[in-house]
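Geometric and topological summary
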Amino acid sequence: MVLSKQNIFVLGATGECGLTFLHHILSLPPTTAPRLTLYARSPSKLPAPLLTTPPPNIKIIRGSLTDIPHLTTSMASCTTVVSFLGAPPNFPNIFMRDKRTPIADALAGVFEAMRKNGVKRILALSTPAFAVPGEREAMGWGWWLWSCIPPLIVPQGSAEMKAIGETVSKQADLEWTVFRVPQLLNGGEEKGIKAGFLGPKYEGWIWLGRVSLVRWVLGEIEKGNGSGGHRWCRIERGKRAGGNKLGEGGGNVSRGKGVRKGIEKRG
Ligand SMILES: NC(=O)c1ccc[n+]([C@@H]2O[C@H](COP(=O)([O-])OP(=O)(O)OC[C@H]3O[C@@H](n4cnc5c(N)ncnc54)[C@H](OP(=O)(O)O)[C@@H]3O)[C@@H](O)[C@H]2O)c1
């Protein structure tokens, strides 16, 4: 469906990815931009001008993930759900080894609201903490080692990401996309995105700019779910091997200097 006909129900709009998504939508020409319904527990974290004078294509609703009746009425006329929800690192949780998953637990209410409103499509952020069948066995030892770090240093966030991937991917009657992100960076744009199975031939890298992420998500919404069904993928910046293999001409994302510098510094 063309973007201008979409009404995207955004969860996690007040977080860094959500705000980047919002910023990207606001940069689109009004004739091509989708409508957004931002459902947030703390809308005061949204940019002040948006709260005082929201553009006509943006609706802001304060609400809790566990308030299913409110979720349901708020989702009326939406076409797609996008979730950038996730648990931020939290020291007490790290020390207590807390692994509760309030977001994943609340997703049942989101699915119920979707079904009641006839919304079929959901794209949800997760990480490789949610491994797809066969992936752990197929990935190289480097990726395996890397995947052991998040459960150690952010047990709750990692448990939440795993549970989100598992919960979304069980919804047989919905068209879901679980996009599993690596380390996220702010800044400009990147050049390439690799989306796929984290096996031995995987060529992604461990960094991804949020700008590239949100452009990719929007591109997926615009393309529609070609398979008419389900998809999971790991998305990353394309790895450079004798030049960036991905996105060099024909890539759907382009790279700006800000993130590139950030990536090179940290990489
Ligand atoms: N930073 C990284 O490099 C990295 C790497 C891999 C994965 N991740 C995961 O990706 C997620 C998204 O990234 P981000 O940078 O956008 O994170 P973020 O800035 O922490 O945003 C998280 C969003 O989730 C919302 N949220 C959290 N718990 C909620 C709850 N119980 N009910 C309703 N809303 C809730 C937050 O709402 P409030 O604003 O109201 O708190 C916020 O909008 C992270 O939370 C993390 O788990 C991050």
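The notes below deal with the structure included here. It should be emphasised that the depicted structure is a prediction, and the values quoted were computed from it without experimental measurement.

What follows deals with the overall build of the chain. The helix and strand tally for the chain stands at 11 helices and 10 strands. Within the span of the chain, comprising 267 residues, buried residues form 40% of the whole. Counting only contacts in the chain whose residues sit at least 6 apart along the sequence, the fraction spanning at least 24 positions is 82%.

As a structural note, the neighbourhood of the ligand is formed by 24 residues, with T14, G15, E16, C17 and G86 the closest of them. Secondary structure elements with two or more residues in the shell around the ligand: α1 (16–26), α5 (102–117), α9 (155–169) and β7 (183–185). No other element matches the 3 residues that α1 contributes to the shell around the ligand.

Our focus in this paragraph is unusual backbone geometry. The backbone phi angle of S77 is positive, close to 75°, even though this residue is not glycine. As for its position among the elements, S77 is in the loop between α3 (68–74) and β4 (80–83).

What follows concerns the packing of α5 against α9. Packing of α5 against α9 leaves a shortest axis separation of 8 Å and a crossing angle of 20°. Here α5 lies roughly parallel to α9, going by the angle between them. At the point where α5 passes α9, the crossing takes the right-handed sense. Residue-level contacts link I103, A104 and L107 of α5 to E160, A163, I164, T167 and V168 of α9. Taken together, the residues that form the contact of α5 with α9 break down as 6 nonpolar, 1 polar and 1 charged.

Tracing the sequence through the fold places I103 in helix α5. Linking I103 and L65, residues 38 residues apart in sequence, is a C-alpha distance of 7.7 Å.

Let's shift gears to α1. Note: α-helices contain 3.6 residues per turn, so residues at a spacing of three or four share the same orientation. Those residues of α1 lying buried are C17, G18, L19, T20, F21, L22 and I25. Structurally, α1 contributes buried residues whose contacts are with β1 (7–11), β2 (35–40), β5 (121–126), β7 and α10 (210–223).

With 6 of 6 residues buried, β5 lies mostly within the body of the structure. Burial along β5 is two-sided: the face carrying R121, L123 and L125 and the face carrying I122, A124 and S126 are both buried. With 4 bridges joining them, β4 and β5 adopt parallel strand pairing. The partner of V82 across the bridge, within β5, is L123. Relative to strand β6 (residues 175–180), β5 runs parallel, the two being bridged by 6 bridges. Each bridged residue has a counterpart across the sheet, and for R121 the counterpart in β6 is E175.

Counting residues in each nonpolar core, the largest one holds 58 residues, and the members touching the most others are V10, F21, V81, A124, I164 and V217. No other element matches the 7 residues that α10 contributes to this core. Dropping the residues within four chain positions of it, V10 is found in contact with G18, F21, L36, T37, L38, Y39 and V82.

Let's shift gears to the environment of Q183. When you line up the elements, Q183 lands in strand β7. With 16 C-beta atoms counted inside 10 Å, the residue Q183 sits in the partly exposed group. For the pair Q183 and G209, spaced 26 residues apart in sequence, the C-alpha separation works out to 8.4 Å. Residues within four places of Q183 in sequence aside, it is in contact with I206 and W207.

So, how was this worked out
Residues numbered from 1 in each chain as written. Predicted model: local features only at pLDDT ≥ 70, side-chain atom pairs only at ≥ 80, totals over all residues. Helix = DSSP H or I, 4+ residues; strand = E, 2+ residues; numbered from the N terminus. Buried ≥ 20, exposed ≤ 12 C-beta atoms within 10 Å, placed from the backbone. Contact = placed C-beta atoms within 7 Å. Near = placed C-beta within 6 Å. Axes fitted to C-alpha atoms, helices over the stretch in contact; angles between N-to-C directions. Parallel < 35°, antiparallel > 145°, perpendicular 65-115°, else oblique. Left-handed = near helix turned anticlockwise from the far one by under 90°. Nonpolar A, V, L, I, M, F, W, Y, C, P; charged D, E, K, R; others polar. Pairing = 2+ DSSP bridges. Core = buried A, V, L, I, M, F, W, Y, C linked by C-beta atoms within 7 Å.

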